[in-house]
Amino acid sequence: MDMTGLLTEIKNCQLCASSLVNGVRPVVQIDPQARILIIGQAPGRKVHQSGIPFDDASGDRLRQWLGITREVFYDAKQIAIMPMGFCFPGSYSGKGQSGDLPPRPECAPKWHSLLLAQLVNVKLILLVGQYAQQYYLSDKPKTLTLTVLQWRTFGPCYIPLPHPSPRNNIWLSRNPWFEAELLRDIRQRVAIALA
């Protein structure tokens, strides 16, 4: 199946529709020419409404981390974006928990390998958040912090990153090495991959 047919199937996917309180709206940015692949978690409420991946404060921070403009980020021929769950999973409503629910587990096994087979030019894969890291890094450490701290062991293809959500400001303040060391290297790798 070619990319056009595959994206049409994804757009019409109803695999977990009965579990999505806010409805089905897959958010994916893919082109066979892309050189960088970002595998994130799942769209949040704002992205669900706009249909544009990382169209929120997390996206602003991620673009800053990568040292790229919105124009480059949203050029599918340069950057592919494939979340673990393609639709907004909803938000927690119970006591003591807040934020979005985890990505639906159906998307990655159903669609990822089909999409990856089309991405023959990808030179760098950024695993943003614990769900992408658990799925793609079989020998990763137990915690996100240790995984990101040991990022060099997963190269040259994969680079694990924390989620860029403002909810992770405490993590960033506790781990100053991330911005001081890792981001400089990531920007260089991104620039090389896009050159």
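Everything here concerns the structure above.
Residues numbered from 1 in each chain as written. Predicted model: local features only at pLDDT ≥ 70, side-chain atom pairs only at ≥ 80, totals over all residues. Heavy atoms only, no water.

Asks: Whenever I open this one, the overall build of the chain confuses me. Can you help?
Replies: Within the chain, the regular secondary structure consists of nine helices and four strands. Each helix and strand of the chain, ordered N terminal to C terminal, gives the series α-β-α-α-α-β-α-β-α-α-β-α-α. With respect to the principal axes defined by its C-alpha atoms, the chain has extents near 45 × 45 × 35 Å. Long-range pairs, those at least 24 residues apart, make up 71% of the contacts in the chain with a sequence separation of at least 6. For the chain, the exposed surface amounts to about 9,800 Å²; the carbon and sulfur share of it is 51%. Of the charged side chains in the chain, 21 are positive and 14 negative, and the gap between their average positions amounts to 5 Å. (Helix = DSSP H or I, 4+ residues; strand = E, 2+ residues; numbered from the N terminus. Contact = heavy atoms within 4.5 Å. Areas by Shrake-Rupley, 256 points an atom, 1.4 Å probe, with all protein chains shown as cover. Lys, Arg positive; Asp, Glu negative; His and termini not counted. Charge placed at Lys NZ, Arg CZ, Asp CG, Glu CD.)

Asks: Any chance you could explain the state of the cysteines here in plain terms?
Replies: Chemically, a disulfide is nothing more than a covalent bond linking the sulfur atoms of two cysteines. This model, assessed by the stated rule, comprises zero disulfides. Free cysteine: Cys13, not disulfide-bonded; nearest cysteine sulfur from Cys107 at 6.2 Å. Note on Cys13: relative accessible area 17%, which makes it buried. (Disulfide = S-S within 2.5 Å. Buried < 20%, exposed > 50% of the residue type's maximum accessible area, 1.4 Å probe, protein only.)

Asks: What is the right way to read the sheet that holds strand E2 (residues 79–81) from this model?
Replies: In a beta sheet, neighbouring strands pair by backbone hydrogen bonds and run either parallel or antiparallel. Pairing in this open sheet of four strands is parallel, and the strands run E2-E1-E3-E4 from one edge to the other. In this open sheet, the two strands that pair with only one neighbour each are E2 and strand E4 (158–161). Direction aside, the axes of adjacent strands within the sheet are offset by 20 degrees on average. Judged from the four bridges that link them, strand E3 (residues 124–128) and E4 form a sheet pairing that is parallel. Within E4, the residue paired with Val128 across the bridge is Leu161. (Pairing = 2+ DSSP bridges. Axes fitted to C-alpha atoms, helices over the stretch in contact; angles between N-to-C directions.)

Asks: Any chance you could explain unusual backbone geometry here in plain terms?
Replies: Most of the time, phi is negative for any residue but glycine, and the peptide bond is trans. The residue Phe54 is not glycine, and still its phi comes out positive at about 55 degrees. Within the secondary structure layout, Phe54 lies in the loop between helix H2 (45–50) and helix H3 (57–66).

Asks: Can you walk me through the nonpolar core in this structure?
Replies: As a rule of thumb, soluble globular proteins bury nonpolar side chains together. The biggest cluster of nonpolar side chains holds 28 residues, and the ones touching the most others in it are Ile36, Ile38, Leu126, Leu161 and Phe178. If you list the elements that add at least two residues to this core, you get strand E1 (36–39), H3, helix H4 (70–73), E2, E3, E4, helix H8 (169–174) and helix H9 (176–194). With eight residues, the single largest contributor to this core is H9. Each residue touching Leu126, except ones within four places of it in the same chain, is listed here: Ile36, Leu37, Ile38, Ile39, Leu66, Ile159 and Leu161. Formed by 23 residues, the second largest nonpolar core is a distinct cluster that contains Met3, Ile10, Met84 and Leu115. (Core = buried A, V, L, I, M, F, W, Y, C linked by side-chain atoms within 4.5 Å.)

Asks: Explanation requested: the packing of H3 against H9 in the structure shown.
Replies: Helix-helix packing: each pair is described by the crossing angle between the helix axes and the interaxial distance. Here H3 crosses H9 at 75 degrees, and the two axes come no closer than 7 Å. Judged on the interaxial angle alone, H9 and H3 are roughly perpendicular. Here Gln64, Trp65 and Leu66 of H3 lie close against H9, whose contacting residues are Phe178, Glu179, Leu183, Ile186, Arg187 and Val190. Looking at the contact of H3 with H9, its residues break down into six nonpolar, one polar and two charged. (Parallel < 35°, antiparallel > 145°, perpendicular 65-115°, else oblique. Nonpolar A, V, L, I, M, F, W, Y, C, P; charged D, E, K, R; others polar.)

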